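Per-entry structural report
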Amino acid sequence: MFIMKADREKPAKVTVGIPKALLYFKYFHLWESFFQTLGINYIVSPDTNKDILNKGINYAVDEACLSSKIYLGHVAWLMGKCDYILVPRISSFGKAGKVCTKFYAIYDLVMSTFTDSDFKLINYNIDSTNSENERKAFVKMGVALGKSKSQSLYAYIIAKQTQKTQLNIIKNEQLKLLNKDGIKILIIAHRYTVLDKYIGEPIVRLLKQMGTTPIFGHVVDTKEALVRSEEISKTLPWLFNKELIGALALYKDKVDGIILMTTFPCGPDSLVNEVVIRKIKDKPILNLILDGQEGTAGLETRLESFIDIIKFKRSDEID
Amino acid sequence: MTDVKATFPHLGNYFVPLEVLFTAGIEVDYIVPPPITNRTLELGTRHSPDFVCTPFKYNLGNYIESLEAGANTLVQVGGACRLDYYGELHEQILRDLGYDFRFVNIGSTKLTKPLTFYNILKEINPDMTLKNIARVLPVVLKMIQYIDEAEDFIRKNIGFERNPGEFDHTHQRFLLEMRSIRSKKELYNYYIKYMNIFKSIEVDKPKKPLRVGVIGEYYTIMVPFSNHFIEKELATMGIVIDRWMNLTNSVIHDFRPEAKEHIKNYVTFDMGATAMYTIDKALQFAKKGYDGIIHVKSFGCTPETDAIPVLQNISSDYKIPILYFSFDSQTSEIGIKTRLEAFYDMIIMRKEAV
Ligand code: SF4
Ligand code: SF4
């Protein structure tokens, strides 16, 4: 009797594991603040490293995109270290657009890949064409983790506010950079590519070492970007790419060059990059396809010659 | 008649109903793309981005060859996945190549509703009439169904014909003569007649033949050239080929709710494009005790790549071998043959062991 009562008063604390890959880079403010407000323990997998990447490559189907391989590597790292792994599923944001089918599939992909381990996933599903929006999805998730509806709703509202504030800070910082002198390079890449410590960050670091200022396409006002994207492409179906293409329209004239950074063989980027290359003729463009195996030496050479072209163009214009 | 010469990329043998739709329904000339050859793929590949999925490259090759054949109005549809964005880039590439044409991107529309269909197709020919399209559309839909039924029968029997070539020959005649049919009644009689001919073709079918199910991505599965005529190859080994995917089952009818229900032990959500059908049919073939399954897709196809771990689970739960093929523009013919032969040896050994 006594034990049961104690049990009820102090339910075993659950820990949620968050893979630091794919949507993490878009939503981490939202997720972390949501769990914090609800008082739910969570851990985040470490930055991508060679070991995580290799694990992912091992688990993934050969042809899967590098980003999803990395994701599986992070999930593998979390196995056994938490009670639930957070694997959200998104298919559509309604009129705003849809997403790459990888995000439709990711929940079931994880479920059917790790059949040999014992694990639980916590999921939320956003499918606006079937009226599953973010708020509803978060409340469901909170309830699944043992919180009440109103607690979960409250936590979601707080988390949303936090996310907004944080994103505004980042946006304002970038605005300052946009007005800086010197060579500015616009990077058009999914967040999980450019912000990944193993994949994109080394490139950002190299760019800075070469004395240029990187500008990020993903740091942009979404609404404005979606409208402006039509200047470059009218029928683009994928929301995340549309946002980046809108950023391209918005920032293009303020930068000296553009880097399209893509993980191999990304479905949406395979088409979108080609559209960009064919339509944007007034800025140098570097199309970087990353497979996780390139050495820094090779990258450095490519970046250097790209910057040289830009410098050459600039001195031409000044003369 | 207008001076519109419309064209649409190849998809299996559906150029027959498409030609009827365009000429009789929309009342414009229709250019059937020249049959797909190595040149088609080569042209398409040369002007396409590197790792775009192969249907994009084939479609582009078809457009170029149709333009060469006199087409001036190119039609593209959407529907799912990357296909929704094919059109804009196709148009851009062809313009950059200097071709002069009109591009009609009809997006994703339900094919079966005359009125919506009418409003969109008016873009191809503003003078077309609702009356006409309402008369022709049902004929076109029936044609698709009959072609699908006939081809289903052929796949299951062609491997056993006594006189090699008889099925192919009759199939070609069936398609050719169908092109002149304009009424539902005539079409029905025609269909009955041909099904009788198909059924009367002599076959030597063992009591328990080997049965192989073919599953996979929409385009690759429906365009024999793009899957290196794998069904034919299998048939010549004396195998019953079963393939569910066709236009009738995917565009005319919507089986998604059923599929979702069937596979709920394996998959919770829709994984995109044809992945659910692929998994559903794999499970069905497995449950029916087929000897093997072949999965085909174009290189890098995201939804079908994501379906593979699920297929692997079905394969191990039901002890059914699955052979995976991923085709791109440089797939080697020899590699395919070798893998098919090894697969055949394996399923026949398993059968004999039972
Ligand atoms: S958008 Fe590209 S990189 Fe991202 S998940 Fe899809 S295929 Fe992978
Ligand atoms: S289903 Fe596959 S082949 Fe078809 S558009 Fe999507 S990725 Fe390309």
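Residues numbered from 1 in each chain as written. Chains lettered and ligands numbered in written order. Predicted model: local features only at pLDDT ≥ 70, side-chain atom pairs only at ≥ 80, totals over all residues. Heavy atoms only, no water.

In this section: the overall build of chain B. Within chain B one finds 15 helices and 8 strands. By the compact-globule yardstick of 20 Å for 354 residues, chain B fits well, its C-alpha radius of gyration being 21 Å. C-alpha extents for chain B along the principal axes are approximately 65 × 45 × 40 Å. Counting only residues that meet the buried cut, chain B has 57% of its 354 residues in that class. The long-range share in chain B, meaning contacts at least 24 apart out of those at least 6 apart in sequence, stands at 74%. Surface exposure of chain B reaches about 14900 Å², of which carbon and sulfur atoms provide 54%. Positive and negative charge centroids in chain B, built from 41 and 44 side chains respectively, lie 6 Å apart. (Helix = DSSP H or I, 4+ residues; strand = E, 2+ residues; numbered from the N terminus. Rg over C-alpha atoms; globule rule 2.2 N^0.38 Å. Buried < 20%, exposed > 50% of the residue type's maximum accessible area, 1.4 Å probe, protein only. Contact = heavy atoms within 4.5 Å. Areas by Shrake-Rupley, 256 points an atom, 1.4 Å probe, with all protein chains shown as cover. Lys, Arg positive; Asp, Glu negative; His and termini not counted. Charge placed at Lys NZ, Arg CZ, Asp CG, Glu CD.)

Moving on to the interface of chain B and chain A. With 37 residues of chain B in contact, the opposing surface of chain A contributes 39 residues. Summing both sides of the interface, chain B and chain A together bury roughly 3100 Å²; the carbon and sulfur share of this comes to 63%. Contact with chain A buries surface across chain B, with Phe51(B), Tyr85(B) and Phe269(B) losing the most and accounting together for 26% of the total. At the junction of chain B with chain A, the criterion picks out 5 salt bridges. A salt bridge links Asp306(B) to Lys102(A); its shortest N-O distance comes to 2.7 Å. Remark: the boundary between chain B and chain A carries 16 residue pairs in polar contact (both at pLDDT 80 or more). When residues of the side of chain B that touches chain A are traced back to their parent elements, those giving at least two are helix 4 (83–96), strand 7 (292–298) and helix 14 (302–318) of chain B. (Buried area = accessible area lost by both parts, 1.4 Å probe. Salt bridge = Lys/Arg side-chain N within 4 Å of Asp/Glu carboxyl O. Polar contact = N/O pair within 3.5 Å; in protein donor to acceptor, adjacent residues only side chain to side chain.)

Glancing now at the nonpolar core. Grouped together as the largest cluster of nonpolar side chains are 81 residues, with contacts concentrated most on Trp31(A) and Phe35(A). Residue contributions to this core peak at 8 residues, all from helix 2 (residues 24–38) of chain A. The contact partners of Trp31(A), leaving out residues within four places of it in the chain, are Ile18(A), Leu23(A), Tyr24(A), Leu86(A), Pro88(A), Tyr124(A) and Phe138(A). Counting residues in each nonpolar core, the second largest holds 80 residues, with Val16(B), Val136(B), Val140(B) and Ala150(B) among its members. (Core = buried A, V, L, I, M, F, W, Y, C linked by side-chain atoms within 4.5 Å.)

Okay, helix 12 (residues 267–279) of chain A next. Residue and element names in this part refer to chain A. Here helix 12 spans 19 Å end to end across 13 residues, near enough to the 18 Å set by a 1.5 Å rise per residue. Among the 13 residues in helix 12, 11 count as buried, and that is most of the element. Taken residue by residue, helix 12 has Gly 267, Pro 268, Asp 269, Ser 270, Leu 271, Val 272, Asn 273, Glu 274, Val 275, Val 276 and Arg 278 as its buried positions. (Expected span 1.5 Å × (residues − 1).)

With that out of the way, let us pick up the pattern of salt bridges. Applying the stated rule across the entire model yields 35 salt bridges over all chains. A salt bridge links Lys242(A) to Glu230(A); the nearest nitrogen and oxygen atoms lie 4.0 Å apart. In this pair, Lys242(A) sits in helix 11 (residues 239–251) while Glu230(A) sits in the loop between helix 10 (222–228) and helix 11, placing the two residues 12 residues apart along the sequence. A relative accessible area of 14% places Lys242(A) in the buried class. For Glu230(A), a relative accessible area of 34% translates into the label partly exposed. Close ionic contact of Asp168(B) with Lys232(B) constitutes a salt bridge, the shortest N to O distance being 3.0 Å.

What follows deals with the pairing of strand 8 (residues 322–327) of chain B. The side chains of a regular strand alternate, first on one face of the sheet and then on the other. All names here are of chain B. Where strand 7 meets strand 8, 6 bridges bridge the pair, whose relative direction is parallel. Residue pairing in the sheet places Val 296 in a bridge with Phe 325 of strand 8. With respect to chirality, the unit in which strand 7 leads through helix 14 into the neighbouring parallel strand 8 is right-handed. (Pairing = 2+ DSSP bridges. Right-handed = clockwise from strand over helix to strand, strands pointing away.)

Another point: the packing of helix 6 (residues 130–157) of chain B against helix 7 (residues 166–178) of chain B. Residue and element names in this part refer to chain B. Between helix 6 and helix 7, the shortest axis-to-axis distance is 11 Å and the interhelical angle comes to 175°. If you check the angle between helix 6 and helix 7, you find them roughly antiparallel. Seen from helix 6, the contacting residues are Met 143, Tyr 146, Ile 147, Ala 150, Glu 151, Phe 153, Ile 154 and Asn 157; seen from helix 7, they are Phe 167, His 171, Phe 174, Leu 175 and Met 178. For the contact of helix 6 with helix 7, the residue count by class is 10 nonpolar, 2 polar and 1 charged. (Axes fitted to C-alpha atoms, helices over the stretch in contact; angles between N-to-C directions. Parallel < 35°, antiparallel > 145°, perpendicular 65-115°, else oblique. Nonpolar A, V, L, I, M, F, W, Y, C, P; charged D, E, K, R; others polar.)

Further remarks concern the domain arrangement of chain A. Accessible area lost upon the coming together of the parts serves often as the stated size of an interface. Residues and elements named next belong to chain A. Domain boundaries assigned for chain A yield domain 1 (3–162) and domain 2 (180–318). The centre of domain 1, based on its C-alpha atoms, is set 28 Å off from the matching centre of domain 2. Tallying the contact residues gives 23 residues for domain 1 and 22 residues for domain 2. For the pair domain 1 and domain 2, the summed buried surface comes to about 2000 Å²; carbon and sulfur atoms form 68% of the total. (Domains from an automatic or database assignment.)

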